[in-house]
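Chains, contacts and geometry: an overview
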Amino acid sequence: MLRKVLNTLRHGDKQTKGFILTVGVLGFVSIVLLVTAVITLLPLFWVGTAAISLITVAMAKNARLAVIKDNFNRNDEDDRKRKEDKEDFGEDALVTMTEEKLKRLFVRYKVKQEHVPVVIDLCVSEHIKQAPGFAWVDGDRLKILLIEKSPRMIERPVSALQVMEVERGIAVRASGEYTGLRETDWMRKVFMPYLPQYHKKQIGGRTVLLKNLYVLDEDIKFSSPSVKELKKLFAFRIEIAERRLSEGNLSPYYKELFVSSVLWKDGILNLKEYQQEVEQVLFRLAAPDISYSEFDNTLSSVINAGLLPAEYREYAYKKREERKNVVPDGKEKRKKRK
């Protein structure tokens, strides 16, 4: 029963979830009143405890029925969809998928017109491994229709997806990457552009293939091109949690440029977007209230680390001079007359 309650709190409708939460609050209040009554021995608290307990028990019975009904309705609907899916696709939707069948699938799962293609590389909690799909936002929920052997849908509250973490440098074997997705021409055509961006690196005298994954809600790991698509649906910030970036003496401007560099190399930012982000960071770094030593040291560190071409040094110094000659209202300072 506990699993059904948790499942309802996660996926149920708002009315059922509100009902369960109300019962939980009443249960907590009754416990508080009981403890208070034992400590104070006041009759009023004993009466309050009894009244709240009776209400809680009555509501709990209704809550149990609501949970069972909610789970039954959703399971029944899932069973109908699975039966229809099997009739359409046989044993493997990845192999038999066509454009016409996909349209029927969109109607069946109520996919919104504002949807985007994505690829989930891994999600342990949902038993997903290298699966393509389509994502959209419905109300306050992110929904993803997965195109696996049997199509299915997962969802998460958008409120829990404010931060996307980057998992960098995952070594892979090319022969083991997305083999199921490559089985048909149609699936390759649709989803090949959304596979991870692979990077080659020399380690111990041999070439290793690496990829970066982008993690939402702790364990939904998306391919890099999927991130660009998800940004069209809802806002989130991207963070890289690495030891060298958490050092206290590291400039925040360095961290920003490091993240921008990773996103550019992974194709999440195009060249113009990357240049705009770099210029915005350098503009802030060139502020007159930042000491010359901090400005120069930060600039040298990002250039030496390969985060910026050396040509940006001249650009940054020029911006610093320009900002030194501007008063707070944005007007240029008058040049002194000779």
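In case you missed it, the structure is sitting above this.
Residues numbered from 1 in each chain as written. Predicted model: local features only at pLDDT ≥ 70, side-chain atom pairs only at ≥ 80, totals over all residues. Heavy atoms only, no water.

Our focus in this paragraph is the pattern of salt bridges. Under the defined criterion, the tally for this structure stands at 17 salt bridges. For Glu177, the salt bridge is made with Lys211, and the minimal N-O distance between the two is 3.0 Å. With a gap of 34 residues between them, Glu177 in the loop between strand 5 (163-172) and helix 6 (185-191) and Lys211 in strand 7 (residues 206-216) connect regions that are remote in the sequence. Of the two residues, Glu177 and Lys211, neither departs from the other in class, the shared state being buried. Between Glu229 and Lys232 there is a salt bridge, and its shortest N-O distance comes to 3.1 Å. The class for Glu229 is buried, based on a relative accessible area of 10%. In this structure, a network of salt bridges that share partners links the residues Lys112, Asp138 and Lys143. (Salt bridge = Lys/Arg side-chain N within 4 Å of Asp/Glu carboxyl O. Helix = DSSP H or I, 4+ residues; strand = E, 2+ residues; numbered from the N terminus. Buried < 20%, exposed > 50% of the residue type's maximum accessible area, 1.4 Å probe, protein only.)

What follows deals with the environment of Asn212. Mapped onto the secondary structure, Asn212 falls in strand 7. Asn212 sits 46 residues away from Val166 along the chain, and the two C-alpha atoms are 6.9 Å apart. Other than its neighbours up to four places away in sequence, Asn212 contacts Val166, Glu167, Arg168, Gly169, Gln197, His199, Ser224, Val262 and Asp266. In terms of polar contacts, Asn212 uses its side chain to reach the backbone amide nitrogen of Gly169, at 3.0 Å. (Contact = heavy atoms within 4.5 Å. Polar contact = N/O pair within 3.5 Å; in protein donor to acceptor, adjacent residues only side chain to side chain.)

A few words on the environment of Gln275. Within the element layout of this structure, Gln275 appears in helix 9 (residues 271-285). For Gln275, a relative accessible area of 33% puts it in the partly exposed group. Between the C-alpha atom of Gln275 and that of Trp264, which follows or precedes it by eleven residues, the distance is 9.5 Å.

On to the packing of helix 8 (residues 252-265) against helix 10 (residues 292-304). Close contact between helix 8 and helix 10 brings their axes to 9 Å; oriented N to C, the two are set at 30°. Classified by the angle between their axes, helix 8 and helix 10 sit roughly parallel to one another. The two elements helix 8 and helix 10 meet at a crossing, and its hand is right-handed. For the pair helix 8 and helix 10, contact is made by Tyr253, Tyr254 and Leu257 and by Glu294, Thr298, Ser301 and Val302, respectively. Looking at the contact of helix 8 with helix 10 residue by residue, the class counts come to four nonpolar, two polar and one charged. (Axes fitted to C-alpha atoms, helices over the stretch in contact; angles between N-to-C directions. Parallel < 35°, antiparallel > 145°, perpendicular 65-115°, else oblique. Left-handed = near helix turned anticlockwise from the far one by under 90°. Nonpolar A, V, L, I, M, F, W, Y, C, P; charged D, E, K, R; others polar.)

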